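# Topology and contacts: notes
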Amino acid sequence: MKIYPKCLKGKQSYVSSEGHWLPCCWLPNFGEYYANSIFSQAEFDLTAHSIEEVVANDAFREFISTLVKDPERAPYTCKKHCRHETKSTSNDLNQKVSYE
């Protein structure tokens, strides 16, 4: 299985009602996953951190690394919505996030 993270292509970024940034709008639709995920942690709170700080934090880099290097461990919603390659946009995070 291969995942093509749309969140790295500048697609579907989302801010929750609590002010937490998520890489896409599909993740909060999986309530149990979201409630227990890294995205509900303080590092993703845009009222306390800039978007640059959020996408540079270790938790997000590890999440992206899992999507790219170990997609079998990725959340179901990523497997479902990011299984097809998409084109980049001008907001391409691939050039801004280091997950190596």
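To keep things clear, this report deals only with the structure shown in the data block. Note that the structure is a prediction, hence the values are computed from the model and not measured.

## Topic: helix H3 (residues 58-69)
Given a rise of 1.5 Å per residue, 12 residues ought to cover 16 Å, and the 16 Å separating the end C-alpha atoms of H3 matches this to within 8%. Where H3 is concerned, the buried positions are Ala 59, Phe 60, Phe 63, Ile 64, Ser 65, Thr 66 and Leu 67. Capping the start of H3 is the job of one residue whose side-chain oxygen sits 2.9 Å from the backbone nitrogen of Ala 59: Asn 57.

## A short note on the pattern of salt bridges
For the structure on display, the rule yields 2 salt bridges. For the salt bridge of Asp 58 with Arg 61, the shortest nitrogen-to-oxygen distance reads 2.6 Å. Of this pair, Asp 58 and Arg 61 both sit in helix H3, 3 residues apart, roughly one helical turn. Judged by its relative accessible area of 29%, Arg 61 is partly exposed. With a shortest N-O distance of 3.3 Å, Asp 70 and Arg 73 are connected by a salt bridge. Owing to a relative accessible area of 29%, Asp 70 belongs among the partly exposed residues under this scheme.

## Some remarks on the environment of Pro 75
Its place among the elements puts Pro 75 in the loop between H3 and helix H4 (76-81). Residue Pro 75 is classed as buried on the basis of its relative accessible area of 13%. Remark: the alpha-carbon pair of Pro 75 and Leu 27, spanning 48 residues in sequence, is separated by 8.6 Å.

## Section: the packing of aromatic side chains
In this structure the tally under the stated criterion is 4 aromatic pairs. Between Trp 21 and Phe 60, the aromatic rings sit 5.2 Å apart at their centres with planes inclined by 80 degrees, giving edge-to-face as the arrangement. Of this pair, Trp 21 sits in strand S2 (residues 21-22) while Phe 60 sits in helix H3, and the two are 39 residues apart along the sequence. Taking the centre distance of 4.9 Å and the plane angle of 65 degrees together, the rings of Phe 39 and Phe 44 count as edge-to-face. Put simply, the rings of Trp 21, Phe 39, Phe 44, Phe 60 and Phe 63 touch in pairs and so form one group of aromatic residues.

Criteria and cut-off values
- Residues numbered from 1 in each chain as written.
- Predicted model: local features only at pLDDT ≥ 70, side-chain atom pairs only at ≥ 80, totals over all residues.
- Heavy atoms only, no water.
- Helix = DSSP H or I, 4+ residues; strand = E, 2+ residues; numbered from the N terminus.
- Expected span 1.5 Å × (residues − 1).
- Buried < 20%, exposed > 50% of the residue type's maximum accessible area, 1.4 Å probe, protein only.
- Polar contact = N/O pair within 3.5 Å; in protein donor to acceptor, adjacent residues only side chain to side chain.
- Salt bridge = Lys/Arg side-chain N within 4 Å of Asp/Glu carboxyl O.
- Phe/Tyr/Trp six-rings, centres within 6.5 Å; stacked < 30°, edge-to-face > 60°.

Note that every value here comes from positions in space, so none of it alone points to a role or purpose.
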